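Here is how the chains run, residue by residue.
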Amino acid sequence: MHENAREKIARFIKAKEPAEIVFVRGTTEAINLVAYSWGLRNLKKGDEVLVSLMEHHSNIVPWEILSKMNGFTIKYAKVNNDGTLNYEDFESKFSSKTKIACLSHVSNVSGVVNDVKRIAKVAHDHGALMLVDGAQSVPHMAVDVKDLDMDFLAFSGHKMLGPTGIGALYGKKELLEKMAPFQGGGEMIKEVSFSQAKERCDISWNDPPWKFEAGTPNICGGIALMEAIKYLEKISITEVLKHEKQLAEYAVKRMRECSKVTLHGPADLSLRCGIIPFSVEGLSSHDVALFFDNYGIMIRSGFHCAQPLHQVFKLQSSARASFYIYNTREEIDRFIEALKEIEQV
Amino acid sequence: MPSVEDYVARIEGTCGEEKDIIVVFKYDKKDEAIANILKKAQLKNSLSGIIFELAFRDISFRVYSSGKAIFRGIKSKEALNNILAALLL
């Protein structure tokens, strides 16, 4: 069943074959896997890694750590004031030194959907790889890794009705074959034979994806993720996106009734998913979140692990409302009622 | 002899530049904790019995009926413990 789960995930994101799916704990581990398995051996002084300023810390920190070890340069592409990617700046930063471009498909702060296909083409034209953080896209929209031509895609199970501690890394098979293992242990080897002559062990790696899955796998997690995908497919992932967009449009319209509320992100809702960052005049995002908590409404507050983007927005922190298939218009009405009360504080 | 730990489940720093501190009271002691605080701190504002905006010494803070409090301008863990001891015990 564990391998059935791999097959299901592969089909869900239109991968060529299940061997292109590596089970990981989540998006963060997937990106770290690429950084350490591929980056550690392929990035050196003089090379460049391109990252955008809207990235989650999990798509910044591994590259910063590795940069200090290997001495390569990281270039940060600009984000416009409304949270959209500055494509001209991103594309202008590519050169023959660029080895990999790392970009989120959907911003976890603003919900902005990036044209990763466009960036992937520019990356490939420069001989660079394209890594996409799909944590906020795979659960919400149809993602076709072949059509988008991404080399790596990272995503998590817990954002798509699955449990925590399970996620997947998609990697093109020819890349996974060339990459060294991430962790050592059982399952990721074909053979470990002790040589009397050398007094050492000769080790041969397993084939991908098992080469990257040392130790006992999270079997329950993988199967649960498969069931979550089946459930999403039953609804249809395009219906999921449609539902979220309808809710987001309704929420934004109603939030504009609130005079002390400032909405962040692009005004054009067609550029974004069901994520709405906002601030309430005179209150910290944490006050806002704690207030909603009293009404049984959960929102996120703080930097959302994306401090550089908050620097772009010139915000100390932000509150974030987000929607999924289980949310309703009635819940948004309750949210607005609570928001109007918060304005009185 | 009661202690701060009898009332407090968790203390966490907020994520953001504000550097506020959130105190989460133990679920079964939250009503008692809030009642103690309201007796000792100066009530500046309240909203529907849900949020209490308070001041104590030179510290302003908010208490939420869900059992959380958010403090700002506290310089150290020791200073926070002193404030909590004075408010709760």
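This text goes with the structure placed above it.
Being a predicted model, the structure only gives us computed values, none of them experimental.

Peer 1: Can you tell me about the overall build of chain A, naming the residues and giving the values?
Peer 2: Counting secondary structure elements, chain A contains twelve helices and 13 strands. Against the 2.2 N^0.38 benchmark of 20 Å for 345 residues, chain A shows a C-alpha radius of gyration of 21 Å, consistent with a compact globule. If one aligns the C-alpha atoms of chain A with their principal axes, the spans along those axes are about 80 × 45 × 35 Å. Expressed as a percentage of contacts within chain A between residues at least 6 apart in sequence, the contacts between residues at least 24 apart total 71%.

Peer 1: Tell me about the interface of chain A and chain B, and name the residues and values.
Peer 2: The partner chain B presents 17 residues to the 15 residues of chain A that form the contact. With seven residues, the top contributor of residues to the side of chain A that touches chain B is helix α10 (residues 285-294) of chain A. The class makeup of the residues in the side of chain A that touches chain B is four nonpolar, eight polar and three charged.

Peer 1: Now, about the sheet that holds strand β10 (residues 261-263) of chain A: what can you tell me, with residues and values included?
Peer 2: Residues and elements named next belong to chain A. Taken in spatial order, the four strands line up as β10-β11-β13-β12 in an open sheet, and their pairing is antiparallel. Each edge of the sheet is formed by a strand with only one pairing partner; in this case those strands are β10 and β12 (300-302). Strand-to-strand twist of the sheet, defined as the mean angle between neighbouring strand axes without regard to direction, takes the value 30 degrees. Where β12 lies against strand β13 (residues 318-322), three bridges are found, and the strand directions are antiparallel. For G302, the partnering residue across the bridge sits in β13 and is S318.

Peer 1: Before we move on, can you summarise helix α12 (residues 329-342) of chain A with the specific residues and values?
Peer 2: Owing to its 3.6 residues per turn, the α-helix brings residues three or four apart onto one side. Residue and element names in this part refer to chain A. When the terminal C-alpha atoms of α12 are compared, their 20 Å separation across 14 residues agrees well with the 20 Å that a helix rising 1.5 Å per residue should span. Turning to α12, its buried residues are I332, L339 and I342. All buried residues of α12 lie within an arc of 70 degrees about the axis, which places them on one face of the element. Exposed residues on α12 whose side chains face more than 90 degrees from its buried face are E330 and E337. Contacts from the buried residues of α12 go to α9 (237-255), β10, β11 (275-280) and α10.

Peer 1: Before we move on, could you go through unusual backbone geometry and cite the residues and values that matter?
Peer 2: Residue and element names in this part refer to chain A. With omega at 10 degrees, the peptide bond leading from P208 into P209 counts as cis. Structurally, P209 is set in the loop between β9 (200-205) and α8 (219-235). In the Ramachandran plot, E199 falls in the positive-phi region, its phi being about 55 degrees despite a non-glycine side chain. Of note, E199 is situated in the loop between β8 (189-195) and β9.

Peer 1: Requested: an account of the nonpolar core, with residues and values cited.
Peer 2: Grouped together as the largest cluster of nonpolar side chains are 73 residues, with contacts concentrated most on I13(A), A168(A) and L169(A). Summarising the domain contributions, this core has at least three residues from each of domain 1 (2-235) and domain 2 (237-342) of chain A. When near neighbours in sequence (up to four residues on either side) are disregarded, L169(A) contacts V22(A), V24(A), A30(A), L33(A), V34(A), F152(A) and A154(A). By size, the runner-up hydrophobic cluster in this structure holds 44 residues, among which are V113(A), F292(A), A319(A) and F52(B).

Peer 1: Please give an account of the sheet that holds strand β1 (residues 8-13) of chain B that cites residues and values.
Peer 2: Consider a sheet: its strands pair through backbone hydrogen bonds, and that pairing is either parallel or antiparallel. All names here are of chain B. Strand order in the open sheet made by the six strands is β1-β2-β6-β5-β4-β3, with antiparallel pairing throughout. Here the strands that pair on one side only, and so sit at the sheet edges, are β1 and β3 (42-47). Pairs of neighbouring strands in the sheet enclose a mean axial angle of 20 degrees, with direction left out of account. Bridge count for β3 against strand β4 (residues 51-56) is five bridges, and the pairing is antiparallel. Bridge pairing links L47 to I51 in β4. Helix-sheet contacts for helix α2 (residues 30-40) involve β2 (21-25), β3, β4 and β5 (59-64), and the interaxial angle to β4 is about 50 degrees.

Cut-off values and rules
Residues numbered from 1 in each chain as written. Chains lettered and ligands numbered in written order. Predicted model: local features only at pLDDT ≥ 70, side-chain atom pairs only at ≥ 80, totals over all residues. Helix = DSSP H or I, 4+ residues; strand = E, 2+ residues; numbered from the N terminus. Rg over C-alpha atoms; globule rule 2.2 N^0.38 Å. Contact = placed C-beta atoms within 7 Å. Nonpolar A, V, L, I, M, F, W, Y, C, P; charged D, E, K, R; others polar. Pairing = 2+ DSSP bridges. Axes fitted to C-alpha atoms, helices over the stretch in contact; angles between N-to-C directions. Expected span 1.5 Å × (residues − 1). Buried ≥ 20, exposed ≤ 12 C-beta atoms within 10 Å, placed from the backbone. Arc of directions from axis to C-beta. Core = buried A, V, L, I, M, F, W, Y, C linked by C-beta atoms within 7 Å. Domains from an automatic or database assignment.

In short, the description is geometric, and any link to function would need to be established separately.
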